[in-house]
Amino acid sequence: MTQVKPDTAANTMWGGRFATGPDAIMTAINASIGFDKRLYAQDIAGSRAHAAMLAATGILSASDAEAIREGLLTVLSEIESGQFAFRADLEDIHLNVESRLTELVGEAGKRLHTARSRNDQVAVDFRLWVRDQCDAAMSGLTTLMRAFLAQAEAGADWVMPGFTHLQTAQPVTWGHHMMAYVEMFARDRGRFEDARRRMNECPLGAAALAGTGFPIDRHMTARALGFDRPTANSLDSVADRDFALEFLGAASICAMHLSRFAEELVIWSSAQFRFVRLSDKWTTGSSIMPQKKNPDAAELLRAKIGRILGATFALFTVMKGLPLTYSKDMQEDKEQVFDAADTLMLALAAMTGMVADMTANRDALRAAAASGFSTATDLADWLVRSLGLPFRTAHHVTGSLVALAEAKGCDLPDLTLAEMQSAHPGISEEVFSVLGVENSVRSRQSYGGTAPDQVRSQIARWKAALG
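For clarity, every value in this text was computed on a predicted model and none was experimentally measured. (Residues numbered from 1 in each chain as written. Predicted model: local features only at pLDDT ≥ 70, side-chain atom pairs only at ≥ 80, totals over all residues. Heavy atoms only, no water.)

**Q** So what exactly am I meant to see when it comes to helix H7 (residues 118–154) here?
**A** Residues spaced three or four apart along an α-helix face the same direction, because each turn holds 3.6 residues. Here H7 spans 54 Å end to end across 37 residues, near enough to the 54 Å set by a 1.5 Å rise per residue. Most of H7 is tucked away: 27 of the 37 residues are buried. (Helix = DSSP H or I, 4+ residues; strand = E, 2+ residues; numbered from the N terminus. Expected span 1.5 Å × (residues − 1). Buried < 20%, exposed > 50% of the residue type's maximum accessible area, 1.4 Å probe, protein only.)

Given below as structure tokens:
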């Protein structure tokens, strides 16, 4: 394979030792500008903070610092306006920005890289980007939680079946079911918040791996970039990608939660359930069956966990065997995180739209809640409270009444008192007061229970918390 001529060969940003340039395939595998150009804003912000610090510590003249500041603003403007020509031969966003800066301001641009390395440069750029994604995820989750809160408030006392094993278990309220997802996504938001807090240390100034002999002020650059403090170990600073792994871990759990509700939407919107109706905004038709209205958005969301979890596994695999400090393997970190972040934000936006737009079928919910002997536990509890039976005995008595009702083809409230007493003579007319589904949900007054009063209390708590 041919190599470029020596006079044009080596990368002018680092190639002093090299007589010839890389093979074309080496250039292709080595260059990251195709994807890491997404870090341009963070890279320029980090460079501006670094230049200001170099000037403040006397390492860089004030005139050079001002030229760099103005030049970086020009580069930023060129990129944002689409006028910037990214070059693969310059490998990455760092060298692309620095090369253009030097074209604009001359020798001053060559001084910018004093007391830093691409190792700590990419570490701070990537950390800034992931921190921004944590903020975006927390914002998206807050919006999604508000959509669930609106649904919960509208149907705080609507009765529906609660399921275990996808079998009717006990009556619950629509509001209670919606609030379960508020709790779920609140934990997701907390995970992103926690990850953000832990990653909010600045690696800039660690240089290649050992720090620098220049009298830099790492606290100054950390403050300028909104970090709580500089990182405390230069080796760990350039070797660490825990912040990206934590983001992916939080994103994976969040995507799993999104997938769970997506599955419920698929089930609930089916003709067999008819619990909810999704509008035309979130459904598609069939090319052959004109009656079909497919919940494609929910199905696609259900699958998104695969991409995000795949990115998590991929980055764990990249990092698992790397010795300290930096290895080129770590260039493979960004595409995984970029794709996972994009996928998560799309999924959050789509789920928020579906939740806000869906219409619950209150009649179908109630009819399903009343089926499947859903108040059997209420009957057993009544036998314990009113007759003093041990719960296991009450469970047995109730089971025999369920079998009787099943044989008759009716539900528990449809049995006569005499039939009830055939299972236990102490049963009185009072038992029928606990067998209706509305009575059942009203009785669940324990903290966090499904009683409408409890649901409204939780709604109020979360509305106050979200502001």
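That covers the picture; the talk isn't over yet.
**Q** When you look at helix H15 (residues 376–387) in this model, what are you seeing that I'm missing?
**A** With 12 residues, H15 should reach 16 Å at 1.5 Å per residue; the first-to-last C-alpha distance of 16 Å fits that figure. Residues Ala376, Asp378, Leu379, Ala380, Trp382 and Leu383 constitute the buried set of H15. A positive backbone phi angle near 70° is found at Gly388, which sits one or two residues after H15.

**Q** Is there a simple way to think about the side chain of Ser234 in this case?
**A** Along the chain, the position of Ser234 falls in helix H10 (residues 234–239). Polar contacts involving the side chain of Ser234 include one to the main-chain carbonyl oxygen of Leu209, which spans 2.7 Å. Non-local contacts of Ser234, meaning those with residues more than four positions away in its chain, are made with Ala206, Leu209, Ala210 and Gly211. (Polar contact = N/O pair within 3.5 Å; in protein donor to acceptor, adjacent residues only side chain to side chain. Contact = heavy atoms within 4.5 Å.)

**Q** Would you mind showing me how to read the pattern of salt bridges here?
**A** Pairs can form between side chains of opposite charge once their charged atoms are near each other. Counted according to the given criterion, the structure contains 29 salt bridges. Where Asp157 meets Arg456, a salt bridge forms, and the shortest distance between an N and an O atom there is 3.6 Å. Taken together, the residues span a long stretch of sequence, with Asp157 in the loop between H7 and strand S1 (159–164) and Arg456 in helix H19 (residues 452–466) at a distance of 299 residues. Residue classification places Asp157 among the partly exposed residues on the basis of a relative accessible area of 33%. The closest approach of N and O atoms between Asp194 and Arg198, which form a salt bridge, is 2.6 Å. You can see Asp194 and its partner Arg198 sitting in helix H8 (residues 174–199), four residues apart, about one turn around the helix. Assessed through its relative accessible area of 28%, Asp194 is described here as partly exposed. Three or more residues joined by partner-sharing salt bridges are found here, namely Asp194, Arg197, Arg198 and Glu246. (Salt bridge = Lys/Arg side-chain N within 4 Å of Asp/Glu carboxyl O.)

**Q** Please clarify how the packing of aromatic side chains should be interpreted in this entry.
**A** Given two aromatic rings, their pairing is described by the distance between the two centres and the angle made by the two planes. In this structure the tally under the stated criterion is 15 aromatic pairs. Here Trp174 and Trp268 contribute two aromatic rings whose centre-to-centre distance is 5.6 Å and whose plane-to-plane angle is 45°, an arrangement assigned as tilted. Separated by 94 residues along the polypeptide, Trp174 in helix H8 and Trp268 in helix H11 (residues 242–268) bring together distant segments of the chain. Just as Trp174 is buried, Trp268 falls in that class too. A ring pair is formed by Phe273 and Phe275, whose centres lie 5.1 Å apart and whose planes are at 80°; its orientation type is edge-to-face. Taking the relative accessible area as the measure of exposure, Phe275 reaches 2% and is therefore buried. Linked through ring pairs, Phe148, Phe163, Trp174, Tyr181, Phe185, Phe261, Trp268, Phe273 and Phe275 together constitute an aromatic cluster. We note Arg131 situated over the ring of Phe227; from NZ or CZ to the ring centre the distance is 4.7 Å. The ring of Phe126 has Lys334 lying over it, and the distance from NZ or CZ to the ring centre is 5.5 Å. (Phe/Tyr/Trp six-rings, centres within 6.5 Å; stacked < 30°, edge-to-face > 60°. Lys NZ or Arg CZ within 6 Å of the ring centre and 35° of its normal.)

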